[in-house]
Amino acid sequence: MKTPGRRITAAATAHEWAVVTIEGKSCIEGIAKQGLVQRTGLSTRDLRAVDPGLSYPSSIFGRERAIVVNLEHIKAIITASEVLLSNSRDPLVEPVRRELESRLAGGTQKLLSPNNAQGGQESTNDVPRGATTKALPFEFRALELCLELASKRLEMETLALEKEAYPALDELTHNVSTLNLERVRQIKSRLVGISSRLQKIRDELEHLLDDDVDMAFMHLSEKLMYQAYVGQSSRFDFYKQPSQSNEGSDRDHEEEDALQEEKDDENENETVIGFRPNLDELEMLLEAYFVQSEGILNKLTTLREYVDDTEDYINIMLDDKQNQLLQMGVMLSTATMILSLGITIVGLLGMNIHIPLFDVSPSLSFWEATGGVIGAVWVSISLSWLTTGR
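About the criteria used
- Residues numbered from 1 in each chain as written.
- Predicted model: local features only at pLDDT ≥ 70, side-chain atom pairs only at ≥ 80, totals over all residues.
- Heavy atoms only, no water.
- Helix = DSSP H or I, 4+ residues; strand = E, 2+ residues; numbered from the N terminus.
- Buried < 20%, exposed > 50% of the residue type's maximum accessible area, 1.4 Å probe, protein only.
- Contact = heavy atoms within 4.5 Å.
- Salt bridge = Lys/Arg side-chain N within 4 Å of Asp/Glu carboxyl O.
- Lys, Arg positive; Asp, Glu negative; His and termini not counted.
- Patch = residues over 30% accessible without salt bridge, like charges linked within 9 Å, V, L, I, M, F, W, Y side chains within 5 Å.
- Areas by Shrake-Rupley, 256 points an atom, 1.4 Å probe, with all protein chains shown as cover.
- Charge placed at Lys NZ, Arg CZ, Asp CG, Glu CD.
- Pairing = 2+ DSSP bridges.
- Axes fitted to C-alpha atoms, helices over the stretch in contact; angles between N-to-C directions.
- Core = buried A, V, L, I, M, F, W, Y, C linked by side-chain atoms within 4.5 Å.
- Phe/Tyr/Trp six-rings, centres within 6.5 Å; stacked < 30°, edge-to-face > 60°.
- pLDDT = per-residue confidence, 0-100.
- Parallel < 35°, antiparallel > 145°, perpendicular 65-115°, else oblique.
- Left-handed = near helix turned anticlockwise from the far one by under 90°.
- Nonpolar A, V, L, I, M, F, W, Y, C, P; charged D, E, K, R; others polar.

**Considerations on the overall build of the protein chain**
Then comes step 1: Within the protein chain, the regular secondary structure consists of 12 helices and eight strands.
Then comes step 2: In the protein chain, which comprises 390 residues, the proportion classed as buried is 35%.
Then comes step 3: Long-range contacts, defined as pairs at least 24 residues apart, comprise 67% of the intrachain contacts of the protein chain with a sequence gap of at least 6.

Here it is in structure tokens:
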């Protein structure tokens, strides 16, 4: 018998999740981690990706009964019949929940089964390949919405950054000040942050597109179809299982095992899940958002190049200013040396001692001294201009 204290502890470990069903209805449920594991079939390690208290990189991966989505502010678990949103009290998650409600309520999948097509009856159950679909499976529609909202948020941040960055960079080229440099530094920091977040999403989509097995695991509805219609004609291409008859020899079994081991990793993993689904729908969906992420990333790359070009231009301007200051320093040093030379000559001529120089005519001594000082000044100025390249 459970004590009240244990019941309180169990309730305290439950976290609130926003649950959106396939009909577009939503509610807030308190679900403990163990209950979530039983409900979705995920491991506790997989649940860390959607834990709001942990900083986990963007990721999308499929498991036997659920798809885990961690994109920006969206941390969701998608099953074949519902979507569970983590951190339901977050203001950024509320628009996601409302959008899921409106999209899923207006896009419930309807299928026409071959068995009841002659009777004209419509079925909302999942059926094999012979069925006619009017919409994507539920898990794909939910995944598409998560990708759309995450891409839209990054695109809005990119557009806002572009509107702020280009005028700031142009202002910096005309007026290099501490305020403008600080603005550009903040813009570059935001640019690096958005680029890294977008690059992670792009890499995750590229990884999924390159791995057919991961995409196959994300066909949750088709897995349920396979389990429900196993043994009947379906839309899947089944792998032939080894014969269970006792007529085969041990050598035949060994050859079959050797051939099975030589298959590539894709076929091996597809044999594990038991069917080979049609990946075209999911592949087109992922490719669309992969191209969109590439386009946003190109905008950020262009902005980064503009920032780098502006930095190069500013460095050239600063180098020119530094050269001018160095030239001014050389000129001042030359003027100081010439002035010191004149002061030395005047000091020598002003001494109250008798030297042979004083025996000549005073006017001659004056002009000789003056000519010597002027000549020294001219030579010094010429040398300074030659050394500075002017």
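After that view, the rundown keeps rolling.
**Quick word on the pattern of salt bridges**
Then comes step 1: Evaluated as defined, the whole model comprises 19 salt bridges.
Then comes step 2: Taking the shortest distance from any N to any O, the salt bridge between E16 and R89 comes out at 2.7 Å. Placement of E16 in strand β1 (residues 15–21) and of R89 in the loop between β6 (82–85) and α4 (93–106) is noted, with a sequence separation of 73 residues between them.
Then comes step 3: Owing to a relative accessible area of 38%, E16 belongs among the partly exposed residues under this scheme.
Then comes step 4: R202 is the partner of D203 in a salt bridge, and the nearest nitrogen-oxygen pair spans 3.2 Å.
Then comes step 5: By sharing partners, the salt bridges in this structure join E72, R153, E157 and R197 into a single network.

**Overview of the environment of S102**
Then comes step 1: Mapped onto the fold, S102 is located in helix α4.
Then comes step 2: As a C-alpha pair, S102 and E23 span 79 residues in sequence and 9.7 Å in three-dimensional space.

**Concerning the side chain of E204**
Then comes step 1: With respect to the helices, strands and loops of the structure, E204 is situated in helix α6 (residues 178–210).
Then comes step 2: K200 provides the closest opposite charge to the buried, unpaired E204, separated from it by 4.2 Å.
Then comes step 3: In contact with E204, other than residues within four places in its own chain, are S58, S59 and I60.

**Here we look at a negative patch on the surface**
Then comes step 1: Together, E305, D308, D309 and D312 make up a negatively charged patch on the protein surface.
Then comes step 2: As for its placement among the helices and strands, D308 is situated in helix α11 (residues 280–349).
Then comes step 3: Assessed through its relative accessible area of 31%, D308 is described here as partly exposed.

**Some details on a nonpolar patch on the surface**
Then comes step 1: On the surface, V176, L181 and L318 cluster together to form a nonpolar patch covering roughly 230 Å² of accessible area.
Then comes step 2: Mapped onto the secondary structure, V176 falls in the loop between α5 (138–174) and α6.

**A closer look at the sheet that holds β6**
Then comes step 1: Across the sheet, which stays open at both edges, the six strands sit in the order β2-β1-β6-β5-β4-β3 with antiparallel pairing between neighbours. Sheet topology places β2 (26–31) and β3 (59–62) at the edges, where each strand pairs with a single neighbour. Each adjacent strand pair in this sheet contributes to an overall mean axis angle of 20 degrees, direction not counted.
Then comes step 2: Where strand β4 (residues 67–71) lies against strand β5 (residues 74–78), five bridges are found, and the strand directions are antiparallel. Within β5, the residue paired with N70 across the bridge is K75.
Then comes step 3: On top of the sheet, helix α2 (residues 33–40) reaches β1, β2, β5 and β6; it is set at about 120 degrees to β2, its chief contact.

**Focus: the nonpolar core**
Then comes step 1: Of all hydrophobic cores here, the largest spans 56 residues; its most connected members are I60, V83, L100, L147 and L286.
Then comes step 2: If one sorts the elements of this core by residue count, α5 sits on top with 15 residues.
Then comes step 3: Grouped together as the second largest cluster of nonpolar side chains are 14 residues, I31, L36, L47 and A66 included.

**Let's talk about the packing of aromatic side chains**
Then comes step 1: Inspection of the entire model under this criterion finds one aromatic pair.
Then comes step 2: Centroid distance Y166 to Y306: 5.0 Å. Interplanar angle 70 degrees. Geometry classified as edge-to-face. Taken as a pair, Y166 in helix α5 and Y306 in helix α11 lie far apart in primary sequence, 140 residues in all.
Then comes step 3: According to the relative accessible area criterion, Y306 is partly exposed, its value standing at 30%.

**Examining the confidence of the model for the protein chain**
Predicted coordinates in areas of low pLDDT are best not read in detail.
Then comes step 1: The predicted model of the protein chain has a mean per-residue pLDDT of 76, with 70% of residues at 70 or higher.
Then comes step 2: Low pLDDT, under 50, characterises residues 108–134; the predicted model gives this stretch 45 contacts beyond four residues in sequence or across chains.
Then comes step 3: The low-confidence segment residues 231–250, where pLDDT is below 50, has 25 contacts with residues more than four positions distant or belonging to other chains.

**Section: the packing of α5 against α6**
Then comes step 1: Contact pair α5 / α6: the axes reach a minimum separation of 10 Å and the direction vectors enclose 155 degrees. Between α5 and α6, the angle is such that the two are roughly antiparallel. Helix-helix and strand crossings are classified by hand; for α5 and α6 the assignment is left-handed. For the pair α5 and α6, contact is made by L147, R153, L154, E157, T158, L161, E164, A165, A168, L169, E171 and L172 and by N180, L181, R183, V184, I187, R190, L191, I194, R197, L198, I201 and L205, respectively.
Then comes step 2: Counted by class, the contact of α5 with α6 contains 15 nonpolar, two polar and seven charged residues.

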